[in-house]
Amino acid sequence: MNPLVEFCVSNLANGSQDTFEVLEMDPNIDVLEYGCLSYCTKCSDSLYALVNGEMVEAETPEELTKNIYQFIEENPLF
C-alpha cells in the first residue's frame, strides 16, 4: 500500500502544483486532487497537502516536497 497525498485544487493554484507534479512521478506515492479539502484558512495562508490524512505544510513548493517525503519516512505505513 502506497502513501496517499491529497491536494486541494485551490492550493495547487496557489503554488503547490510543482510539488504535485514531482510526487505524481513517484510510483511509490498515490496522489489525488480534490476540489476542496475544507482547510480554507490554511489554503489561503500556506502550501499544504494531506499525507495519509495528516496535514503537512510549507512556505515553498520545494519545502513542501521535502516535508512530505520526510513525513512519509518518519511515518511509514504498516
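The name recorded for the protein chain in an unreviewed UniProt entry is UPF0349 protein AMD00_19130, from Viridibacillus arvi. Here the protein chain is described in UniProt, under the heading Sequence similarities (unreviewed entry), as follows: "Belongs to the UPF0349 family."

A few words on the sheet that holds strand E3 (residues 47-51). In a beta sheet, neighbouring strands pair by backbone hydrogen bonds and run either parallel or antiparallel. Pairing is mixed across the open sheet formed by four strands, whose spatial order is E2-E1-E3-E4. Bordering the open sheet on either side are strand E2 (30-34) and strand E4 (54-58), each of which pairs with just one other strand. The mean angle between the axes of side-by-side strands here comes to 30°, regardless of whether they run parallel or antiparallel. In this sheet, E4 lies alongside E3 in antiparallel orientation, the contact comprising five bridges. Considered in E4, the bridge of Leu-50 is made with Met-55. Here helix H1 (residues 9-24) sits on the sheet and contacts strand E1 (4-8), E2 and E3; the angle it forms with E1, its principal contact strand, is near 150°. Across the sheet, helix H3 (residues 61-74) touches E1, E3 and E4, and the angle it forms with E4 is around 145°.

In the structure shown here, the tally under the stated rule is one aromatic pair. Look at Phe-7 and Phe-20: their rings are 5.4 Å apart centre to centre, the planes differ by 80°, and that puts the pair in the edge-to-face class. Placement of the pair is Phe-7 in strand E1 and Phe-20 in helix H1, with a sequence separation of 13 residues. Each member of the pair Phe-7 and Phe-20 is classed as buried.

As a further point, take unusual backbone geometry. A positive phi angle is found at Asn-52, which is not glycine, with a value near 50°. Mapping Asn-52 onto the fold places it in the loop between E3 and E4. What makes Asn-52 partly exposed here is its relative accessible area of 30%.

Basis of the calculations
Residues numbered from 1 in each chain as written. Predicted model: local features only at pLDDT ≥ 70, side-chain atom pairs only at ≥ 80, totals over all residues. Heavy atoms only, no water. UniProt positions renumbered as here; feature names shortened; annotations may be inferred. Pairing = 2+ DSSP bridges. Helix = DSSP H or I, 4+ residues; strand = E, 2+ residues; numbered from the N terminus. Axes fitted to C-alpha atoms, helices over the stretch in contact; angles between N-to-C directions. Contact = heavy atoms within 4.5 Å. Phe/Tyr/Trp six-rings, centres within 6.5 Å; stacked < 30°, edge-to-face > 60°. Buried < 20%, exposed > 50% of the residue type's maximum accessible area, 1.4 Å probe, protein only.

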